[in-house]
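# Observations on chain architecture
Read off the chains here:
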Amino acid sequence: MSIPNNAPLAAPNPPAEPATRSYEAVLESIEDELKAGRIKVGDQLPGERALALKHGISRASVRDAIRVLDAMGVVRTAAGSGPRSGAVVIANPSAGLASTLRLHMATNHFPVADIVQTRIMMETWAAGEAAIQPRDHDQETALGSLLTAMADPQLDREEFHVLDAAFHVQLSALAGNAVITAMMESLRSAIQGYVSAAIDSDERWAKIVPTLRAQHDRIFAAVLEHDGARAAQELRGHIEWFHEQTRPER
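### Here we look at the overall build of the protein
For the protein, the count of helices and strands is 10 helices and 2 strands. Residues counted as buried form 36% of the 250 residues belonging to the protein. A fraction of 67% describes how many contacts in the protein between residues 6 or more apart in sequence connect residues 24 or more apart. Entry remark: accessible area of the protein is about 14500 Å², with carbon and sulfur atoms responsible for 55%.

### Section: helix 3 (residues 59-71)
Helical geometry note: an α-helix holds 3.6 residues per turn, so side chains three or four residues apart project in the same direction. Here helix 3 is 13 residues long and its end C-alpha atoms lie 18 Å apart, about the 18 Å a rise of 1.5 Å per residue gives. Among all positions in helix 3, only Ser61, Val62, Ala65, Ile66 and Leu69 are buried. End-on, the buried residues of helix 3 take up no more than an arc of 145°, which puts them together on one face. Of the residues trailing helix 3, Gly73 is marked for its positive phi of about 80°.

### Quick look at the pattern of salt bridges
For the coordinates displayed, the defined rule picks out 13 salt bridges. In this structure, the salt-bridge partner of Asp43 is Lys40, at a minimum N-O distance of 3.9 Å. The class of Lys40 is partly exposed, set by a relative accessible area of 47%. With a shortest N-O distance of 2.3 Å, Glu225 and Arg230 are connected by a salt bridge. You can call Glu225 exposed: its relative accessible area is 52%. Look at the salt bridges and you will find they share partners, linking Glu48, Arg59 and Arg63 into a network.

### Considering the side chain of His216
Among the secondary structure elements, His216 is positioned in helix 9 (residues 202-224). Given the relative accessible area of 1%, His216 is considered buried. When residues no more than four places from it in sequence are discounted, the contact partners of His216 are Leu147, Met150, Phe160, Asp164, Phe167, His168 and His238.

### Section: unusual backbone geometry
Backbone geometry at His226 places phi at a positive 60°, although glycine is not the residue there. Counting through the fold element by element, His226 comes out in the loop between helix 9 and helix 10 (228-245).

### Focus: the nonpolar core
Judged by nonpolar contacts, the single largest core of 40 residues is most densely connected at Phe160, Phe167, Leu171, Leu187 and Phe242. Contributing elements (two or more residues each) for this core: helix 5 (112-132), helix 6 (137-150), helix 7 (157-173), helix 8 (178-198), helix 9 and helix 10. Leaving out residues up to four positions away in the same chain, Leu187 has contacts with Leu101, Ile115 and Met122. Counting 15 residues, the second-largest nonpolar core is a separate cluster that includes Ile30, Ala65, Leu69 and Val75.

Rules and cut-offs
- Residues numbered from 1 in each chain as written.
- Predicted model: local features only at pLDDT ≥ 70, side-chain atom pairs only at ≥ 80, totals over all residues.
- Heavy atoms only, no water.
- Helix = DSSP H or I, 4+ residues; strand = E, 2+ residues; numbered from the N terminus.
- Buried < 20%, exposed > 50% of the residue type's maximum accessible area, 1.4 Å probe, protein only.
- Contact = heavy atoms within 4.5 Å.
- Areas by Shrake-Rupley, 256 points an atom, 1.4 Å probe, with all protein chains shown as cover.
- Expected span 1.5 Å × (residues − 1).
- Arc of directions from axis to C-beta.
- Salt bridge = Lys/Arg side-chain N within 4 Å of Asp/Glu carboxyl O.
- Core = buried A, V, L, I, M, F, W, Y, C linked by side-chain atoms within 4.5 Å.

Laid out in structure tokens, this is it:
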């Protein structure tokens with residue numbers, strides 16, 4: 001059947017919006033709501049259907065946005081009903097940073113030397129601040145307990161590495177800078193990973209670990225004595241010494 005010349009042509013279907021642009025609209029909207037204070041930590045986000053209608057996108061794109069926010073440590077998702085179900089806003093910045101760092105380290109995008117340099121920049125500053133910032137007895141006790149645990153001669157290498165990374169994270173947290181704390185927490189697995197990989201035998205480890213224990217003790221002593229310059233110096237020496245001992249060319 002022919003179409004009359006004066007018949008209105010059907011409007012063409014608009015091209016499908018790319019999925020990335022679809023879910024990014026949700027991310028940008030939630031960012032704006034957080035900045036304006038209309039959404040706060042502990043609040044529950046609207047449901048998938050409501051967000052899809054608001055932004056004119058599919059529920060699948062909304063789910064993509066929620067997954068991204070979950071991975072970034074901005075929301076926690078839970079099934080069911082009630083105030084603790086669905087997507088609830090949280091504040092866990094180290095979660096997203098940690099997963100990103102681990103993946104990029106797996107691709108060898110971040111050389112160990114660059115991680116060491118970054119640690120020195122952040123941790124020397126943090127150690128100096130930790131020494132002069134007010135702190136309570138419980139914080140000092142927690143750090144001391146980690147050193148006591150690391151002094152156990154029966155401790156195996158992997159257990160030591162876990163405690164070692166925790167010591168550096170908790171020490172940096174004493175500086176009172178939330179960004180540094182989140183970055184150090186995210187670096188925890190990276191620190192633990194390259195330290196563990198750097199020691200290739202129990203015999204080699206036995207030669208290194210006494211010095212590591214002594215270095216940790218000196219760092220902690222400087223912090224307890226409120227000597228920021230010495231704490232930073234000891235921290236730098238500790239990181240540089242270990243990196244030098246475990247360089248591949250040695």
